[in-house]
Amino acid sequence: GGEAEIAEKPLEEEPLEALSLQRWNGALSSCASLQELPRPLLRRMLRAGVPLQHRAHVWRACAALARADGAAAGEDELSLRAAAAAGGDGKGDGGGGSEGSGGGSEGVFSPALPGEAAAAGPPVGLREIYAAHVEVGISRSETEEASGLSAAQRREVEQDLLRTFPEHALFSSHARQGLVPPLRRLLLCLARQVPTVGYCQGINFIAAFLLLHADEGTAFELLVALTSQAALLRGMHTADMPALHAAHAALLSSFEQSMPQLMARLRDDGVPLREASTQWLLCALVDVMPPGAVGRVWDLMFLDGARVLLRSIAAAFRLHEAALLAEHADLADSADGGLKAVLRAATPRLLSRAMSQQELTRICDEAAGSAGLGEVTAATRAAEGGGGERPWWALSRAALSGERSPG
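Summary of the structure given here. Nothing here was measured: the structure is a model prediction, and the numbers come from that model.

**Some thoughts on the overall build of the chain**
Looking only at helices and strands, the chain features 22 helices and 0 strands. Counting across all 407 residues of the chain, residues that qualify as buried make up 56%. Of the contacts formed within the chain by residues at least 6 apart in sequence, a portion of 75% connects residues at least 24 apart. Here the chain displays about 16,300 Å² of accessible surface, and carbon together with sulfur accounts for 51% of that area.

Next up, the structure:
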């Protein structure tokens, strides 16, 4: 069948084929901030891959650049208001902390909580917020109101903990030395801090992948950035999922334009591309591509957002288009037509080359723009707090201790 033509890669870490560590060290030491690098140069470096040693640092810096770009373009209302609350202009790397330092309470994302900065001193950073959440007790015994999760959602979190990378030694048990306890804390803290997201399946894989690259505090910063910034994945995991619907439309459009014969074949064989891609998008490809390839995709995703997911999916299928169109390939021989095997076979080097094709990038980016992916629409604002719920940056200190603020 179709799957037989595509060798599925095992779920184990592949060697990261990237610029040499020495070259990245030189680039990072030559400037106070990645913002100082010319954007074309930064993108070339990201496309070539970020060494594991620098990933957390670079991802935080790129997310800050993405936030600043959205604020400068007037597209990210939440980023503008968060930056204003912090007393900044939204264009820096994140306040007084050093970029990617991982220490201190002020990281890349350090908005002050409205009405709190003047009375309480320095702005409250996300690392401080995370520490406060943990200190007051993020546990399975919390009340539904205090945790921001319903009883059913909390059960779902617990069930998904050991379903996340079950073959990975660090996620295979609840042992204190493993990453399951930190994963639980991250998911529960996110639900309390970003109540419009709460818990959605797929976030567990995103959080787990972050924990493999960063300490808990930095992972929390990045997780909040991904789910809260319009330029990244905001609206992908909320109740109405406006960004997911936009991504579906953009993905189908990009396939129609870049691979019309393959798209016709998928339709003729009844392969549900839209339905199959839901899982891919919700977990940001973590559970469907080899870790090495996912890392390369995320290197660019923190700067260019969800449209990078579209480029990588389209690139993976472009690499295997001939095999999928072969006469003997039976694309209807499994529930998803063997589509996941295409993504499993993506290697960092081949995927990066395919993603760098200008025509494919143009098609995917135009499809994303037409679908409104990454923009703050009325529906997104309503889902993210414009409909009465307070967004993450509007929570008060009282909320950190489990109390409810008036209003």
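Read on for the rest.
**Observations regarding the packing of helix α12 (residues 242-258) against helix α16 (residues 307-319)**
Their axes nearest at 10 Å, the elements α12 and α16 cross at an angle of 35°. Considering the relative orientation of α12 and α16, their crossing is right-handed. Judged by residue contacts, A247, A250, L251, F255 and S258 of α12 engage L310, I313, A314, F317 and R318 from α16. Considered class by class, the residues forming the contact of α12 with α16 number 8 nonpolar, 1 polar and 1 charged.

**Focus: the nonpolar core**
One finds L210, W280, M289, W298, F302 and F317 to be the most contacted residues of the largest nonpolar core, which totals 109 residues. Apart from the residues within four sequence positions on either side, W298 is in contact with W59, I206, F209, L210, A284 and V286.

**Regarding the packing of aromatic side chains**
Evaluated as defined, the whole model comprises 9 aromatic pairs. Look at W59 and W298: their rings are 5.5 Å apart centre to centre, the planes differ by 55°, and that puts the pair in the tilted class. Separated by 239 residues along the polypeptide, W59 in helix α3 (residues 55-72) and W298 in helix α15 (residues 291-304) bring together distant segments of the chain. Each member of the pair W59 and W298 is classed as buried. Members of the aromatic cluster, joined through ring pairs, are W59, F209, W298 and F302.

**Regarding the pattern of salt bridges**
Under the criterion given, the structure shown has 13 salt bridges. One salt bridge in this structure joins R185 and E216, with 2.7 Å as the shortest N-O distance. Of this pair, R185 sits in helix α9 (residues 180-193) while E216 sits in helix α11 (residues 216-228), and the two are 31 residues apart along the sequence. The residue R362 makes a salt bridge to E366 at a minimum N-O spacing of 2.9 Å. Of this pair, R362 and E366 both sit in helix α20 (residues 358-371), separated by 4 residues, roughly a single helical turn. Through salt bridges with shared partners, one network takes in R43, D304, R311 and D365.

Cut-off values and rules
- Residues numbered from 1 in each chain as written.
- Predicted model: local features only at pLDDT ≥ 70, side-chain atom pairs only at ≥ 80, totals over all residues.
- Heavy atoms only, no water.
- Helix = DSSP H or I, 4+ residues; strand = E, 2+ residues; numbered from the N terminus.
- Buried < 20%, exposed > 50% of the residue type's maximum accessible area, 1.4 Å probe, protein only.
- Contact = heavy atoms within 4.5 Å.
- Areas by Shrake-Rupley, 256 points an atom, 1.4 Å probe, with all protein chains shown as cover.
- Axes fitted to C-alpha atoms, helices over the stretch in contact; angles between N-to-C directions.
- Left-handed = near helix turned anticlockwise from the far one by under 90°.
- Nonpolar A, V, L, I, M, F, W, Y, C, P; charged D, E, K, R; others polar.
- Core = buried A, V, L, I, M, F, W, Y, C linked by side-chain atoms within 4.5 Å.
- Phe/Tyr/Trp six-rings, centres within 6.5 Å; stacked < 30°, edge-to-face > 60°.
- Salt bridge = Lys/Arg side-chain N within 4 Å of Asp/Glu carboxyl O.

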